[in-house]
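# Descriptive analysis of the structure
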Amino acid sequence: MRPVTILGAGKIGATIASFLHATGDYAVTLVDRDAARLDRLDLPFAIRRTAQDIAAALPPSLLANQFAVLSAAPFQLTRGIARAAAEAGVHYLDLTEDVASTRDVRALAEGATTAFIPQCGLAPGFVSIAAHDLARRFDTLDTMRLRVGALPRFPTNALGYNLTWSTDGLINEYIEPCEAIVAGRRTVVAAMEGLETLGVEGVTYEAFNTSGGLGSLCETYAGRLRELNYRTMRYPGHAAIMKVLLSDLRLAERRHLLHDIFTHALPTTTQDVVVILVSVTGTKDGHLHQETLARAIPDQDFLGAHRTAIQLTTAGGICAVLDLLAEGRIPTRGFVRQEDIALDAFLANRFGKIYRETDRATQARGE
């Protein structure tokens, strides 16, 4: 059994711990500053729980002799955790969508004898793997568009939204600048701009720029295509209300207040759906052609318990990458991009199969 430490015992961190323990292949330690939260978790006794303020410096003993550390902590803590992993000489994986934090992780990975693999969740994460796989099928590339929504299946408020993942992460991606390629040039565009309407499986959504979803794709495809962008999908009307909050009421300048409003007024839900639309356009044999990968993944039973869609796709993503790392199927040292992971290998994995279109009916039946 490979020893792994998971930092952060929120909904995703606890799900990662549950998934990895269920395999019997990992000895799992779950770390969080909130001892009461750790005690409340309905997790097997064999998962070791350690109360530690991970906002402070991590003690070397916490990561000693570990195979890997997986960060499911708030994005603000990414730098410190990655630094501790480098000092301990252990593999590092995270879920962050924060662009600045990922730059620091890349710097730490230079010359490292272990792997540093940031952005291993849904977006960035799986969508980068899928987009890169589609792009390899073309002779030349023109556009690459990534669209993802983590949404309630039964919206009941004007925002059409329930809290399904990190509130801090949500606010960060709505405010921070967004990387993109526009007219062939790598650039930065404003969050909440680029509003468009699209449909997936008969449902109409709107989509707009948000930060972090492209991972390292802008760097990978700079100079190779005309347009590359990532936009978050929501039910129609969401963007207009958010612009009132962020711009007109200037809550973008008071993130703590926006956080309090969201957590007080927006309920959580276990009935959600993750919608994915990745589209690449380019030439094949001299003709303009488009390839699209679309998924709508609902909450469902998996590994003996009901899981939300965001738990399945986010925890499943990082667990699949950890498996591939342990099997030596992806690079085991230095900075590893999501584009370095083969889509076929990912989808064949016991966790990656969550994203396989043909398997979802079976998963929904709990088989």
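Residues numbered from 1 in each chain as written. Predicted model: local features only at pLDDT ≥ 70, side-chain atom pairs only at ≥ 80, totals over all residues. Heavy atoms only, no water.

What follows concerns the overall build of the chain. Looking only at helices and strands, one finds 13 helices and 17 strands in the chain. Compactness check: the chain gives a C-alpha radius of gyration of 20 Å against a globular reference of 21 Å for 367 residues, within 12% of the reference. Projecting the C-alpha coordinates of the chain onto the three principal axes gives extents of approximately 55 × 50 × 45 Å. A total of 367 residues make up the chain; the buried ones form 56% of that total. Pairs at least 24 residues apart make up 67% of the contacts formed inside the chain by residues separated by at least 6 positions. On the chain, roughly 15,400 Å² of surface is accessible, and the fraction owed to carbon and sulfur atoms is 49%. Separation of charge centres in the chain, based on 37 positive and 41 negative side chains, amounts to 1 Å. (Helix = DSSP H or I, 4+ residues; strand = E, 2+ residues; numbered from the N terminus. Rg over C-alpha atoms; globule rule 2.2 N^0.38 Å. Buried < 20%, exposed > 50% of the residue type's maximum accessible area, 1.4 Å probe, protein only. Contact = heavy atoms within 4.5 Å. Areas by Shrake-Rupley, 256 points an atom, 1.4 Å probe, with all protein chains shown as cover. Lys, Arg positive; Asp, Glu negative; His and termini not counted. Charge placed at Lys NZ, Arg CZ, Asp CG, Glu CD.)

Caution applies to low-pLDDT parts of the model: their predicted coordinates are not meant to be read in detail. Looking at the chain as a whole, the pLDDT averages 93, with 97% of positions reaching at least 70. Per-element averaging of pLDDT across the chain places helix α13 (residues 360–364) at the bottom with 42 and strand β12 (residues 227–234) at the top with 98. (pLDDT = per-residue confidence, 0-100.)

Attention now moves to the packing of helix α4 (residues 78–88) against helix α5 (residues 99–109). At a minimum axis distance of 9 Å, the contact between α4 and α5 shows a crossing angle of 10°. As far as their axial angle goes, α5 and α4 are roughly parallel. At the point where α4 passes α5, the crossing takes the right-handed sense. Only A100, S101, D104, V105 and L108 of α5 make contact with α4, whose side of the interface consists of T78, R79, A82, R83 and A86. Tallied by class, residues from the contact of α4 with α5 come to 5 nonpolar, 2 polar and 3 charged. (Axes fitted to C-alpha atoms, helices over the stretch in contact; angles between N-to-C directions. Parallel < 35°, antiparallel > 145°, perpendicular 65-115°, else oblique. Left-handed = near helix turned anticlockwise from the far one by under 90°. Nonpolar A, V, L, I, M, F, W, Y, C, P; charged D, E, K, R; others polar.)

Pairing is parallel across the open sheet formed by 7 strands, whose spatial order is β3-β2-β1-β4-β5-β6-β17. Here the strands that pair on one side only, and so sit at the sheet edges, are β3 (48–51) and β17 (334–335). Each of β1 (2–7), β2 (26–32) and β4 (68–71) touches helix α1 (residues 11–23); the most contacted strand, β2, lies at about 165° to it. The strands touched by α4 are β1, β4, β5 (91–94) and β6 (115–117); relative to β5, the strand with the most contacts, the crossing angle is about 160°. (Pairing = 2+ DSSP bridges.)

Right, let's talk about the environment of G213 for a bit. Residue placement: G213 occurs in the loop between β11 (203–209) and α8 (217–221). Here G213 is in contact with A123, P124, V127, S128 and Y230, once residues within four sequence places are set aside.

Attention shifts here to the packing of aromatic side chains. Under the definition given, this model contains 8 aromatic pairs. Ring centres of F346 and Y355 lie 5.8 Å apart, and the angle between their planes is 55°; on these two criteria the pair is classed as tilted. By relative accessible area, which is 0% here, Y355 ends up buried. Site record: aromatic cluster; members linked through ring pairs are F19, F302 and F351. Its guanidinium or amino end placed over the ring of F335, R106 lies 4.2 Å from that ring's centre, counting from NZ or CZ. (Phe/Tyr/Trp six-rings, centres within 6.5 Å; stacked < 30°, edge-to-face > 60°. Lys NZ or Arg CZ within 6 Å of the ring centre and 35° of its normal.)

Turning next to the side chain of T308. Along the polypeptide, T308 turns up in the loop between β16 (305–307) and α11 (309–326). Overall, the relative accessible area of 9% leaves T308 in the buried class.

To continue, consider the pattern of salt bridges. This structure, assessed with the given rule, holds 20 salt bridges. One salt bridge connects R137 with E291, and the closest N-O pair in it is separated by 3.7 Å. A residue pair is termed long-range when its members are at least 10 positions apart, and R137 in the loop between α6 (126–135) and β7 (140–152) and E291 in strand β14 (residues 287–298) qualify at 154 residues. When its relative accessible area of 41% is taken as the criterion, R137 is described as partly exposed. Taking the shortest distance from any N to any O, the salt bridge between R337 and D340 comes out at 2.9 Å. Residue classification places D340 among the partly exposed residues on the basis of a relative accessible area of 31%. Among the ionic contacts, a cluster of salt bridges with common partners joins D133, R136, R137, K284 and E291. (Salt bridge = Lys/Arg side-chain N within 4 Å of Asp/Glu carboxyl O.)

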